[in-house]
Every structure is written in structure tokens, then in C-alpha cells.
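Fold and geometry: a report
As a plain string of letters, each chain reads:
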Amino acid sequence: MRLSTDVVTALTFWPDYRPRPHEPVDLTVLPPFFTDLLGDLPWWNPAWRITEVRPARPCFARVAPSDFSEVAVPGSAAADDAGPLPFAARVRFQDTELLWFQAKIGNTVIGPGTTPPGEPEPDPAAAVIRAVMDVRRVSTRALARQCFLSESTIRALRHGWSPDPTVVERLAAALDIPLEYLRHHRS
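The following refers to the structure shown.

Reading the values: the criteria
- Residues numbered from 1 in each chain as written.
- Predicted model: local features only at pLDDT ≥ 70, side-chain atom pairs only at ≥ 80, totals over all residues.
- Heavy atoms only, no water.
- Phe/Tyr/Trp six-rings, centres within 6.5 Å; stacked < 30°, edge-to-face > 60°.
- Buried < 20%, exposed > 50% of the residue type's maximum accessible area, 1.4 Å probe, protein only.
- Lys NZ or Arg CZ within 6 Å of the ring centre and 35° of its normal.
- Helix = DSSP H or I, 4+ residues; strand = E, 2+ residues; numbered from the N terminus.
- Salt bridge = Lys/Arg side-chain N within 4 Å of Asp/Glu carboxyl O.
- Core = buried A, V, L, I, M, F, W, Y, C linked by side-chain atoms within 4.5 Å.
- Contact = heavy atoms within 4.5 Å.

**Some thoughts on the packing of aromatic side chains**
- A complete count under the given rule lists four aromatic pairs for this structure.
- Between the aromatic rings of Trp43 and Trp44, the centroid separation amounts to 6.1 Å while the plane-to-plane angle is 65°, which identifies the pairing as edge-to-face.
- Judged by relative accessible area, Trp43 falls into the exposed class, the value being 56%.
- Here Arg92 stacks its cationic end above the ring of Trp100, 4.9 Å away from the centre of that ring.

See below:
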């Protein structure tokens, strides 16, 4: 998707990080931009719209011309029959090309899937389990023995299988991770 020059200018206006001379920057182009992005989702309720945004904050700024930029944009969303909820977006773009978009409205994260259409998304705890196992160099076999699970179960967990609460407790104990941390990443 191509971004208009006005949208790119608004996304790269970072007054707290990169002060500019008093150039007028029109942030009012961003609420309809985000509302349209969300409106392209087939299940989106069109009664909801982005009502307000504040200046973006850089998450990753381009270093070389081939690099992309990623920004976080805070704001609010509302519907005619519901009060405002906090809104936050992450937008990754290169020049005028939108590469990736994710939004959070209230506690709900909305973003692109990581698997092909029709396939379930992996459990978010899988990334945590993989990272801890990799950093601590815990083998599949060792974790399986500590948790009294099969190696195939550990492999499935690493690849996104959703564990039941008993397995989450065993994993947290074996990996010496607070149980709440694994549960937090599952919601």
C-alpha cells in the first residue's frame, strides 16, 4: 500500500526526538488513515473510528536509504455508542510504502497474521519458550524430562501449540520463569 506524502510527513514528525523548525505538520491526516486501514479488515465494525492521535515516536528509524522506519502512534478510538478507548499503532514503512501495521485498541491487538489465511496463529507463549530455551541452551530433551512431557510435545510448544494450564505451570517451573509471565504472553 502506498502512503501519501502527508501521511509520511505526519508519521515522521517526532518533536520529542527530532525537533524541527516551526514547520506546520498536519496530524489530522492520521485518524482517517488508521480508520481506513482498520476498515479494510472484513470483520471490522465500521462504527469504530480513530478519533485522535498524538505525534509518533520512532521505534526504528532508517539508517541507510534501503532501511525502513517503524513508529508508534498513540491516540484514541471511539464508536457512536461507546466511549473512547486508548489506541496505539505501530507502522513500518519504507519511503512511501506501508510494510506492516499493528494496532491496539483497549486491550485488543489487531495486526497482520503470521500464518497463511485459514491457519491458526501460534500461541504467543511459543516465542517466550523458544527464546528462553535458546538463550539458556536448554535442549528439547532436557526440558521434556524436567516437565515430564514427551520431546514431541516440547517441539509442538516451540512451534506454537497452545498448552493447557498444567503444562504452562510445568514449563514455568522448569524454565524458572514466573508463571504470570507465561500466562501474560498467552492472552
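**Looking at unusual backbone geometry**
- One non-glycine residue, Phe148, lies in the positive phi region at around 60°.
- One non-glycine residue, Asp176, lies in positive phi territory at about 55°.
- Turning to its location among the elements, Asp176 is positioned in the loop between helix H6 (165-175) and helix H7 (179-186).
- When its relative accessible area of 63% is taken as the criterion, Asp176 is described as exposed.

**Some details on the pattern of salt bridges**
- Under the counting rule described, the total for this entry stands at eight salt bridges.
- Across the pair Arg92 and Glu70 runs a salt bridge whose closest N-O atoms are separated by 2.7 Å. Residue Arg92 is located in strand S4 (residues 82-94), and its partner Glu70 is located in strand S3 (residues 69-79); the two are separated by 22 residues in the primary sequence.
- You can call Glu70 buried: its relative accessible area is 6%.
- With a closest N to O distance of 3.8 Å, Arg155 and Glu151 form a salt bridge. With Arg155 and Glu151 both in helix H5 (residues 151-158) and four residues apart, the pair spans about one turn of that helix.

**Some remarks on the nonpolar core**
- Leu11, Leu30, Phe34, Val73 and Phe87 are the most contacted members of the largest nonpolar core, which has 33 residues in total.
- Here the element with the most residues in this core is helix H2 (residues 30-39); it accounts for five residues.
- Ignoring anything within four residues of it in the chain, the contact list for Leu11 reads Leu3, Leu30, Phe34, Ala56, Val71, Val73, Val91 and Phe93.
- One finds Ala125, Val132, Cys147 and Leu157 within the second-largest nonpolar core, a separate group that totals 19 residues.

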